Amino acid sequence: MDLKNGSVVTEFILLGFSGQWELRIFFFVTFSLIYSATVLGNVLIMVTVTFSSTLHSPMYFLLGNLSFLDMCLSTVTTPKMITDLLSEHKIISIWGCMTQMFFMHFFGGAEMTLLIAMAFDRYVAICKPLHYRTIMSHRLLSGFMILSWIIGFIHTMSQMVLTVNLPFCGPNVIDNIFCDLPLVIKLACMETYTLELFVIADSGLLSFICFILLLASYIVILITVQQKSLGGLSKALSTLSAHMIVVTLFFGPCIFIYAWPFNSFSGNKVLAVFYTVFTPLLNPIIYTLRNQKMKEAMRKLQFQNVIST
């Protein structure tokens, strides 16, 4: 059914975070600071990777692209959520809602694929160090990037092409901080059971499979490090445990939301905040800013800028 002709709903109402005015002001300040830090941190990483000659390696190339995806994913939802905290009428147009969902799943699917590529990069670096440069060639890196964007596009299009023409003629209230695909589908004025199952299979399985692959890769890396060097095990364990925290915060909410996507769950907003607000900030901190080589490159660029001025 055509959306324009079959729907009387032209906008959705996002309930977001309700409550006392003081609490909303607290959330507004907190999320504004987190989003500003997210944008600043990820832009700083991208600039450093681009202009520092010491960071022109496969790992930092992937980290720079991860920062770009993190910034994009956060920008799709967080600014709207922040402005809604100060608004009594949290309204989003139906096409604004569709656009938000499209880019959320686009950047989310691309980031999941990129995280797999990063895990493969670490596996090759630790388990096959002598062949690292040969395996992680520019051709393979380009292939990883193209594949991540393609999977992200296919992932979002496979769902949005079935969602964009749904008829909406009744309730238009979404109990979340942004347009969430399962909740939007639930508002359609038609039977959507088949589409619900497809969404679970598409987003839920993609998240779960990527999470299992990442977990398996980290286990293989730890086993390899333990066999090669007992001294390096504690360092590898410290690094990979930090990575697993971020990966769990990214994939955990996705898996949970799509495991029980069409039932009422009061913690949905909390999971959504972890997925779209906190994780894009933690990624640059855990993956990049704790890296000594990255910090040295940032200091050198800053020194060069001071000298040039």
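As shown above, the structure is provided for reference.
Computed from a predicted structure; not experimentally measured.

1. Thoughts on the state of the cysteines
Piece 1. By the definition in use, this model includes 2 disulfides.
Piece 2. Paired by a disulfide, Cys97 and Cys179 hold their sulfur atoms 2.1 Å apart. Taking the sign of the S-S torsion, about -130° here, the bridge from Cys97 to Cys179 comes out left-handed. One end of the pair, Cys97, is in helix α4 (residues 94–127); the other, Cys179, is in the loop between β3 (173–174) and α7 (181–186), and 82 residues separate them in sequence. Considered together, Cys97 and Cys179 belong to a single accessibility category, that of buried residues.
Piece 3. Each sulfur of the disulfide joining Cys169 and Cys189 lies 2.1 Å from the other. One end of the pair, Cys169, is in the loop between α6 (138–163) and β3; the other, Cys189, is in the loop between α7 and α8 (193–228), and 20 residues separate them in sequence.
Piece 4. For Cys169, a relative accessible area of 41% corresponds to the partly exposed category.

2. Side note on the packing of aromatic side chains
Piece 1. Under the defined criterion, the tally for this structure stands at 13 aromatic pairs.
Piece 2. Ring centres of Phe106 and Trp149 lie 5.4 Å apart, and the angle between their planes is 50°; this geometry places the pair in the tilted category. Highlighted residues: Phe106 in helix α4 and Trp149 in helix α6, separated in sequence by 43 residues.
Piece 3. The interplanar angle of 80° and the centroid separation of 6.3 Å between the aromatic rings of Phe107 and Trp149 together place this pair among those described as edge-to-face. Of this pair, Phe107 sits in helix α4 while Trp149 is found in helix α6, placing the two residues 42 residues apart along the sequence.
Piece 4. Following the ring pairs from residue to residue traces out a cluster consisting of Phe68, Phe102, Phe103, Phe106, Phe107, Trp149 and Phe153.

3. Some remarks on the packing of α6 against α8
Piece 1. Relative to each other, α6 and α8 sit at 165°, their axes nearing to 11 Å. Overall, the two elements α6 and α8 adopt an arrangement that is roughly antiparallel. Where α6 crosses over α8, the handedness of that crossing is left-handed. Taking contact as the criterion, the partners of His155, Ser158, Gln159, Leu162 and Thr163 in α6 are, on α8, Leu195, Phe198, Val199, Asp202, Ser203 and Leu206.

What counts and how
- Residues numbered from 1 in each chain as written.
- Predicted model: local features only at pLDDT ≥ 70, side-chain atom pairs only at ≥ 80, totals over all residues.
- Heavy atoms only, no water.
- Disulfide = S-S within 2.5 Å.
- Helix = DSSP H or I, 4+ residues; strand = E, 2+ residues; numbered from the N terminus.
- Buried < 20%, exposed > 50% of the residue type's maximum accessible area, 1.4 Å probe, protein only.
- Phe/Tyr/Trp six-rings, centres within 6.5 Å; stacked < 30°, edge-to-face > 60°.
- Axes fitted to C-alpha atoms, helices over the stretch in contact; angles between N-to-C directions.
- Parallel < 35°, antiparallel > 145°, perpendicular 65-115°, else oblique.
- Left-handed = near helix turned anticlockwise from the far one by under 90°.
- Contact = heavy atoms within 4.5 Å.

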